[in-house]
Amino acid sequence: MKMSKQFPLNALRVFEAAARLGSFTRAGEELGMTQTAVSYQIKLIEESVGEPLFLRKPRQVTLTEVGHRLSPKVTEAFELLQDAVASARRDTETALLINSTATFASQWLAREIGTFQLAHPNIAVRLAANDAIIDFNKESVDVAIRSGTGDWPGLVSHRLMRVEFAPMLSPALASTIGGVRTPRDLLKLPIIGPGDPWWPAWFRAAGVDDPDLAGRPAIRLGSQAFEARAAVAGQGVAILMPEFYSDDVALGRLYQPFKLRCSEGHDYWLVYSYARRNAFKIRAFRDWILGKLNPGEPAGQR
């Protein structure tokens, strides 16, 4: 089956402008082309159609009958294309795709994001919670919340929160051994996530160099938020970020038996592509979350 010849899109754009303006010269001025280039593009279409589309007159061109029939259809086609692009742009600007670590999403962002939505009702928030490292060049994500040192090439990063951890447990569990008075008392209880590197770091800082965590049952729930729920249920002692569980502490479901908190130099960061740093929805979210968590940091500073 023989395929019909297709017009170059640029030639059709030139024809639309010349038909609308009634002048090759003015069409060239609008499109940033010379009159000779405009004439060449029109000739391409005329050769394909097999009929002249314009009557050339001194200082003026007018559509032939064939040109008159073609012009409104070409105009309509370009209007459809413009509408499609405008619609895609609106969708891009009104949907904010956030990727966050599961713990930050469940323990802070999910509780607070409603205030951002109220301030920006035209931005629809979509939140994905996982601990995968997002490649902004390959995935449709606008901003991400990451844990690390803040050094990611090609990304703008803003520190949101220091990651400091300490043991937490339910008062009821502590009462089963007559209370937790020294760090070693924690070892009398089930340890949730004994393979977590936070545990040996905290015990070393607390002066316990031989906690012997390797021989304990490997209770690992895959998320700090899940481990906190297990601790609330009295299933063991969890190593947590106390900032995330102030409500549980206030309600008497968890407590932090020792003031000592440790850090491994990793913090929570807001990150996004440098190339898209000026997108309205990204700037709006950046200003909102920095205002909530780190109001002293200028928006343009890492």
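Criteria and thresholds
- Residues numbered from 1 in each chain as written.
- Predicted model: local features only at pLDDT ≥ 70, side-chain atom pairs only at ≥ 80, totals over all residues.
- Heavy atoms only, no water.
- Core = buried A, V, L, I, M, F, W, Y, C linked by side-chain atoms within 4.5 Å.
- Buried < 20%, exposed > 50% of the residue type's maximum accessible area, 1.4 Å probe, protein only.
- Helix = DSSP H or I, 4+ residues; strand = E, 2+ residues; numbered from the N terminus.
- Contact = heavy atoms within 4.5 Å.
- Phe/Tyr/Trp six-rings, centres within 6.5 Å; stacked < 30°, edge-to-face > 60°.
- Pairing = 2+ DSSP bridges.
- Axes fitted to C-alpha atoms, helices over the stretch in contact; angles between N-to-C directions.
- Salt bridge = Lys/Arg side-chain N within 4 Å of Asp/Glu carboxyl O.
- Expected span 1.5 Å × (residues − 1).
- Bend = angle between axes of the 7 residues up to and from the residue.
- Polar contact = N/O pair within 3.5 Å; in protein donor to acceptor, adjacent residues only side chain to side chain.
- Parallel < 35°, antiparallel > 145°, perpendicular 65-115°, else oblique.
- Left-handed = near helix turned anticlockwise from the far one by under 90°.
- Nonpolar A, V, L, I, M, F, W, Y, C, P; charged D, E, K, R; others polar.

(A) Representation of the nonpolar core in the model. Ranked by internal contacts, the top residues of the largest apolar core, which has 56 residues, are Phe104, Leu160, Trp202, Tyr268, Phe285 and Ile289. With six residues, the top contributor of residues to this core is helix H10 (residues 280-293). Aside from chain neighbours lying at most four places away, what touches Phe285 is Leu96, Ile98, Leu109, Ile113, Phe116, Val143 and Leu270. If you look at the next biggest cluster of nonpolar residues, it comprises 21 residues, including Val14, Leu21, Leu70 and Phe78.

(B) Quick look at the packing of aromatic side chains. Applying the stated rule across the entire model yields 15 aromatic pairs. Consider the rings of Phe104 and Phe244, whose centres lie 6.1 Å apart with planes at 80°: the pair is edge-to-face. Here Phe244 lies in the loop between strand E8 (238-240) and helix H9 (246-250) and Phe104 lies in helix H5 (residues 102-119), a separation of 140 residues in the sequence. Per residue, the accessibility class of Phe104 equals that of Phe244, and both read buried. Relative to Trp198, the ring of Phe165 has its centre 4.4 Å away and its plane inclined at 5°; by these criteria the two rings are stacked. Of this pair, Phe165 sits in the loop between strand E6 (155-162) and strand E7 (166-168) while Trp198 sits in helix H7 (residues 198-205), placing them 33 residues apart in sequence. Phe165 gets classed as buried once you look at its relative accessible area, which sits at 0%.

(C) Highlighting the sheet that holds strand E3 (residues 95-100). Judged by pairing direction, the sheet is mixed, and its five strands sit side by side in the order E4-E3-E5-E9-E6 without closing on themselves. Here the strands that pair on one side only, and so sit at the sheet edges, are strand E4 (124-129) and E6. Going across the sheet, the axis of each strand differs from the next one's by a mean of 25°, ignoring polarity. Here E3 runs beside E4; their pairing, made up of six bridges, is parallel. Paired with Ile98 across the two strands is Leu127, which belongs to E4.

(D) Summary view of the environment of Ala95. Tracing the chain through its elements places Ala95 in strand E3. Its relative accessible area of 7% is what places Ala95 among the buried residues. Remark: the alpha-carbon pair of Ala95 and Asp142, spanning 47 residues in sequence, is separated by 9.1 Å. Dropping the residues within four chain positions of it, Ala95 is found in contact with Ala124, Arg126, Asp142 and Lys281.

(E) Summary view of the pairing of strand E2 (residues 60-63). Burial of the side chains of E2 is restricted to one face: Val61 and Leu63 are buried, whereas none of Gln60 and Thr62 on the reverse face is. When strand E1 (residues 54-57) meets E2, the two strands line up antiparallel, connected through four bridges. Across the sheet, the residue bridging to Phe54 is Leu63, located in E2. Joining the antiparallel neighbours E1 and E2 is a turn of two residues, in which Arg59 adopts a positive phi near 65°.

(F) View of the pattern of salt bridges. In this structure the tally under the stated criterion is 16 salt bridges. Notably, a salt bridge pairs Asp142 with Lys281, separated by 3.2 Å at the nearest N-O pair. Note that Asp142 is positioned in the loop between E4 and strand E5 (143-148) and Lys281 in helix H10, a separation of 139 residues in sequence. Owing to a relative accessible area of 2%, Lys281 belongs among the buried residues under this scheme. Members of the salt-bridge network, linked through shared partners, are Arg13, Glu16, Arg20 and Glu30.

(G) Spatial organisation of H5. Given a rise of 1.5 Å per residue, 18 residues ought to cover 26 Å, and the 24 Å separating the end C-alpha atoms of H5 matches this to within 8%. The largest bend along H5 measures about 55° and falls at Leu109.

(H) Representation of the side chain of Ser100 within the structure. With respect to the helices, strands and loops of the structure, Ser100 is situated in strand E3. For Ser100, a relative accessible area of 0% gives the class buried. Polar side-chain contacts of Ser100 include one of 3.4 Å to the backbone nitrogen of Ala105. When residues no more than four places from it in sequence are discounted, the contact partners of Ser100 are Ala105, Leu109, Leu127, Ala128, Ala129, Asn130 and Ile145.

(I) Region of interest: unusual backbone geometry. Of note, the phi angle at Asp212 is positive, near 50°, even though the residue is not glycine. Its location among the elements puts Asp212 in the loop between H7 and helix H8 (224-232). With relative accessibility at 58%, the residue Asp212 sits in the exposed group.

(J) Structural context of the packing of helix H1 (residues 9-21) against helix H2 (residues 24-31). At their nearest, the axes of H1 and H2 sit 8 Å apart, and the two run at 125° to each other. Overall, the two elements H1 and H2 adopt an arrangement that is oblique. By crossing handedness, the relation of H1 to H2 is classed as right-handed. Mapping the contact onto sequence places Arg13, Val14, Ala17, Ala18, Arg20 and Leu21 in H1 and Phe24, Arg26, Ala27, Glu30 and Leu31 in H2. A breakdown of the residues in the contact of H1 with H2 according to their chemical character gives seven nonpolar, no polar and four charged.

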